[in-house]
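Listed here are the chains, written in short residue letters.
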Amino acid sequence: MLKDDLEILLKVQEMDTRMDEIDAGKADIPKQLEGQQAALAAARAAAAEVKKASDDLLKARKLQELEFAAKNADIKKLQEQQYAVKDNNSFAAIKHEIETRKTEAEKLEESILAAMMEDDNFKKKLSESSAVVKVEEDKLKQLEAKCVEDGKKLDADIEIVRKQRNEEAAKLGNAALLAKYEEVRANVGGLGIARIEGSNCQGCFMNLRPQEAIDIKKNEKVIFCETCGRILCG
Ligand SMILES: [Zn+2]
C-alpha cells in the first residue's frame, strides 16, 4: 500500500533529520575550543609583553654599566692629570671636573641598582605569566580531549540512528520510492517528503490545487509538490 510506504518514509525522514542534527552538533564542536584558544593567545601575548619589557630593561642597564665604566675611567685619567699639574688654577679646574664626573657616576650607579631590583621584579612577573600560560595550555588540552570524546559519542549516536533508519527503510515495499525520496532530499535539502495540511504543502507551505489535495488523499500514486518538488503525503 502506498499509504503505508509513505508513512514508513516519514519515519525514515525523522531519523535522517535526527542524523543531520547530530552531524550539525559535531560540526559545532571545534567552536567550543575558540574561547579557550583566545584565552591562551591572550596569556601568551601578556607573557611576551613582560618578556620584552624585561629584555628592554636589561639592555638599558647594560648600556648604563658601560657608561659607568667609562666615567670611572675618565675619573682615573683626570686624577692622574691632577697630580701632574703644577698651577693651582689647573688643579682646581680638574678637581671640579672630577667632582662632576663622580656625581654623574653616582647617578648612574643608583640607576643601575634600581634596574637590578626591577629585574628581580621582572623575574617574578615572568614566572607568574608563564604559569598562567601553562594553566591555559592545560585547559585547552583538557577541552580538546573532551571534544574528541564528545565527537566519538556523537559518532556512536549516529550509528545507532542509522541502524534504526535502515531497518525502517527495509520495510518499504517500493525501493524506487526511497531512491526518489533521497534524490529530492538531496536536491531540496531538509525534507524529501512532506505532509499536507488542508491544501498546504508542509514542506514549502504553498497552496496546492484543490484537485491535487484530493488526489493525494486517495493514495493511488506518488504526487510531488509542484512548488518544492517534495513527495506529498496526506
Ligand atoms: Zn511544497
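Everything numeric in this text was worked out from a predicted model, so none of it was measured. (Residues numbered from 1 in each chain as written. Predicted model: local features only at pLDDT ≥ 70, side-chain atom pairs only at ≥ 80, totals over all residues. Heavy atoms only, no water.)

Colleague: Please clarify how the domain arrangement of the protein should be interpreted in this entry.
Modeller: Note: interface size is frequently given as the accessible area lost on complex formation between the parts. According to the domain assignment, the protein consists of domain 1 (22-172) and domain 2 (174-234). Domain 1 and domain 2 are separated by 65 Å when their C-alpha centres are compared. (Domains from an automatic or database assignment.)

Colleague: Looking at this structure, I do not really get the pattern of salt bridges. What am I missing?
Modeller: Opposite charge on two side chains makes pairing possible when the charged atoms of those side chains draw close. For the coordinates displayed, the defined rule picks out 30 salt bridges. Residues D74 and R101 are paired through a salt bridge, measuring 3.0 Å at the closest nitrogen-oxygen approach. Here D74, found in helix α1 (residues 2-84), pairs with R101, found in helix α2 (residues 88-169); they are 27 residues apart in sequence, far enough to count as distant. Given the relative accessible area of 27%, D74 is considered partly exposed. For the salt bridge of K123 with D119, the shortest nitrogen-to-oxygen distance reads 3.3 Å. Here D119 and K123 lie together in helix α2, a separation of 4 residues that amounts to about one turn. Classification of D119 by relative accessible area gives buried; the value is 12%. One salt-bridge network, in which partners are shared between bridges, spans R61, K62, E65, D119 and K123. (Salt bridge = Lys/Arg side-chain N within 4 Å of Asp/Glu carboxyl O. Helix = DSSP H or I, 4+ residues; strand = E, 2+ residues; numbered from the N terminus. Buried < 20%, exposed > 50% of the residue type's maximum accessible area, 1.4 Å probe, protein only.)

Colleague: Hey, could you run me through the coordination of the zinc ion in this one?
Modeller: For a metal with four tetrahedral donors the ideal donor-metal-donor angle is 109.5 degrees, whereas six octahedral donors ideally subtend 90 or 180 degrees. Taken together, the protein ligands of the zinc ion are C201 (SG), C204 (SG), C225 (SG) and C228 (SG), with distances of 2.3 Å. Of note is the zinc ion, whose 4 donor atoms meet at the metal with angles of 104 to 114 degrees in an arrangement that counts as tetrahedral. (Donors = N, O, S within 2.8 Å, 3.2 Å for Na, K, Ca; no water. Tetrahedral: all angles 85-135°; square planar, octahedral: opposite > 155°, others 65-115°.)

Colleague: Would you mind showing me how to read the side chain of N219 here?
Modeller: Structurally, the position occupied by N219 is in the loop between α4 (210-218) and β3 (231-233). Assessed through its relative accessible area of 19%, N219 is described here as buried. A polar contact is formed between the side chain of N219 and the backbone oxygen of K217, at a distance of 3.4 Å. Excluding its chain neighbours within four sequence positions, the residues that come into contact with N219 are L2, K3 and L6. (Polar contact = N/O pair within 3.5 Å; in protein donor to acceptor, adjacent residues only side chain to side chain. Contact = heavy atoms within 4.5 Å.)

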